[in-house]
Amino acid sequence: LEQIQEVHTFDEHIDAIEKSLNDLQQQVGKAVVESTQLIAKNKENYLQKQNLVPSDIAQEFTALELLSERVQGAMETKQKEFKRAKTVRTEYLSGVDEIQRWLRQAEVQVQDRTLAPAQMKELLHRINQEIAGIYERFTMVKTNGQLIIDNCRNSNEKLLVQSTIDQLAQELGQVRAWLDEKKQQVGDSLDAWTRFMNLYQIVMAWVAEKRTFIDQTIELRTLHEARNKLN
């Protein structure tokens, strides 16, 4: 029971803790079986020889049964605590990896200067849809990170987890700022592009009209006709 209670389920060495708990589980199972067999064997002996179990020995048997149940309960509780701690650590680490991967990809895409404004607008729309899910993942990372900070005993790990959470928050804020900035730039670019194309069409229509006129053969037979053509 003391060994079970001494196990720190939020220790960062997950594999070692898991092995320790598995070893303890085997010891507990063996001890419970032995105690059950001991009680049954001795009760049977006393009943056969004197048809009753002495009260002081019966009390010892009862105490042993209660202790066996207590040890089993403690083992089950510790296994549940470890399972929860392992899940918290696993989800924290996978969440951090996922967010960091997304941040690297988003930074490269947002800073890409080779895309046309319409392509960049489409890209920004997709990233903007993704960022909502990433912030949900970040909330889970913060929750699990806080559980690790509250329960682990390693001060260096506490600092590392808090530093990682702070850094992710800062980088997510930076990407969101880039998105807002790029949206403004893309909006301005698309407006300028639209105005440019409108003016371009006007100019090209004028050029086509005048080229048609220039290509015409001019025949001047009278002074009046020459003045009209000049005008």
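Residues numbered from 1 in each chain as written. Predicted model: local features only at pLDDT ≥ 70, side-chain atom pairs only at ≥ 80, totals over all residues. Heavy atoms only, no water.

**A look at helix H2 (residues 14–50)**
Spacing of three or four residues puts side chains on the same side of an α-helix, whose turn is 3.6 residues. So the rule is basically this: A run of H or I in DSSP counts as a helix once it spans at least four residues, and a run of E counts as a strand once it spans at least two, with each numbered from the N terminus. Given a helix with a known number of residues, its expected span is that number minus one, times 1.5 Å. Note on contacts: a residue pair is in contact if any heavy atoms of the two residues lie within 4.5 Å.
Compared with an ideal rise of 1.5 Å per residue, which puts 37 residues at 54 Å, H2 spans 53 Å between its outermost C-alpha atoms and is within 8% of the ideal. Those residues of H2 that are buried are in contact with helix H1 (2–6) and helix H3 (55–110). Phi turns positive, to about 65°, at Asn51, one or two residues after H2.

**Considerations on the nonpolar core**
The tendency in soluble globular proteins is for nonpolar side chains to be buried side by side. Condition: Nonpolar cores were defined as sets of buried Ala, Val, Leu, Ile, Met, Phe, Trp, Tyr and Cys residues, with membership established by side-chain atoms within 4.5 Å. Remark: exposure states derive from per-residue accessible area (1.4 Å probe, protein chains only) relative to the maximum for the residue type, with buried under 20%, exposed over 50%, and partly exposed in between.
Core analysis: the largest hydrophobic core is formed by 29 residues, its most contacted members being Ile99 and Trp102. Counting only elements with at least two residues in this core, the list comes to H3, helix H4 (117–151) and helix H5 (155–214). Of the residues forming this core, the biggest block, 10 residues, is contributed by H4. Beyond its immediate stretch of four places on either side in the chain, Ile99 contacts Ile134, Arg137, Phe138, Val141, Leu168 and Leu172. Membership of the second largest hydrophobic core comes to 12 residues, among which are Ile14, Val28, Met75 and Phe82.

**Side note on the packing of aromatic side chains**
The cut-off we apply is this: Only Phe, Tyr and Trp rings take part, Trp by its six-membered ring, and two of them pair if their centres are within 6.5 Å. Stacked means planes under 30 degrees apart, edge-to-face means over 60, and tilted covers everything else.
Going through the model one piece at a time under the given rule, you end up with 2 aromatic pairs. Ring centres of Trp193 and Phe196 lie 5.8 Å apart, and the angle between their planes is 35°; on these two criteria the pair is classed as tilted. With Trp193 and Phe196 both in helix H5 and 3 residues apart, the pair spans about one turn of that helix. Looking at Phe196, the relative accessible area reads 45%, which means it is partly exposed. Between Phe196 and Tyr200, the aromatic rings sit 6.0 Å apart at their centres with planes inclined by 25°, giving stacked as the arrangement. Of this pair, Phe196 and Tyr200 both sit in helix H5, separated by 4 residues, roughly a single helical turn. Residue classification places Tyr200 among the partly exposed positions, given a relative accessible area of 39%. Among the aromatic residues, ring-to-ring pairing joins Trp193, Phe196 and Tyr200 into one connected group.

**Notes on the environment of Thr90**
Under the convention used in this document: Two N or O atoms count as a polar contact when they lie within 3.5 Å, although within protein this holds only if one can serve as hydrogen donor and the other as acceptor, and sequence-adjacent residues are included solely when both atoms are side-chain atoms.
With respect to the element layout, Thr90 can be found in helix H3. A relative accessible area of 45% means that Thr90 is categorised as partly exposed. Within the structure, Thr90 has its side chain in polar contact with the backbone oxygen of Lys86 (distance 2.7 Å).

**Re the confidence of the model for the protein**
What counts is decided by this rule: pLDDT gives the predictor's per-residue confidence on a scale running from 0 to 100.
Summary statistics for the protein give a mean pLDDT of 91 and a share of 100% for residues scoring 70 or more. Confidence scores differ between elements of the protein, with helix H6 (residues 223–230) showing the lowest mean pLDDT of 87 and H3 the highest of 94.

**Focus: the pattern of salt bridges**
The criterion, for reference: The salt bridge definition used is simple: a Lys or Arg side-chain nitrogen within 4 Å of an Asp or Glu carboxyl oxygen.
Taken as a whole and judged by the stated rule, the model has 9 salt bridges. Of the charged contacts, one joins Arg126 and Glu130 as a salt bridge, the two residues approaching to 3.0 Å between their closest N and O atoms. Placement of the pair is Arg126 and Glu130 together in helix H4, with a separation of 4 residues, close to one helical turn. Its salt-bridge partner being Lys210, residue Glu209 comes within 3.1 Å of it at the nearest N-O pair. We classify Lys210 as partly exposed; its relative accessible area is 26%.

**A look at the layout of surface pockets**
Condition: Cavity means a closed set of points on a 1 Å grid over the protein atoms alone, one where a 1.4 Å probe fits but cannot get out, pocket means an open set with protein on both sides within 12 Å along at least 5 of 7 lines, and lining means a residue has an atom within 4 Å of a point. Grid points are joined across faces, edges and corners, and a volume is the space filled by probe spheres set on the points.
Its volume calculated, the largest pocket comes out at about 220 Å³. In terms of lining residues, the largest pocket is bounded by 14 residues, among which Leu1, Gln27, Val28, Ala31 and Val71 are the most central. Those elements that provide at least two residues to the lining of the largest pocket are H1, H2 and H3. Among the elements that take part in the lining of the largest pocket, H2 stands out by supplying 6 residues, more than any other.

**Digging into the packing of H2 against H3**
Two measures define how a pair of helices packs: the angle their axes make with one another and the distance between the axes. Rules: Between the N-to-C directions of two axes lies an angle of 0 to 180 degrees, each axis being a line fitted to C-alpha atoms and, for a helix, fitted only over the stretch in contact. Our angle categories are set so that under 35 degrees counts as roughly parallel, over 145 as roughly antiparallel, 65 to 115 as roughly perpendicular, and the remainder as oblique. Two helices cross in a left-handed way if the nearer one is turned anticlockwise from the farther one by less than a right angle. They cross in a right-handed way if the turn is clockwise. For this scheme, ten residues count as nonpolar: Ala, Val, Leu, Ile, Met, Phe, Trp, Tyr, Cys and Pro. Four count as charged, namely Asp, Glu, Lys and Arg, and the remainder, Gly too, count as polar.
With their axes 10 Å apart at the nearest point, H2 and H3 run at an angle of 160° to one another. When the axes of H2 and H3 are compared, the pair comes out roughly antiparallel. As for the relative orientation of H2 and H3, their crossing is left-handed in sense. Taken together, the residues of the contact of H2 with H3 sort by class into 15 nonpolar, 7 polar and 6 charged.

**Quick look at unusual backbone geometry**
In most cases, non-glycine residues show a negative phi, while peptide bonds are predominantly trans. Positive phi, normally seen in glycine, also occurs at Asn51, with a value near 65°. Of the residues examined, Asn51 reaches a relative accessible area of 65% and is grouped as exposed.

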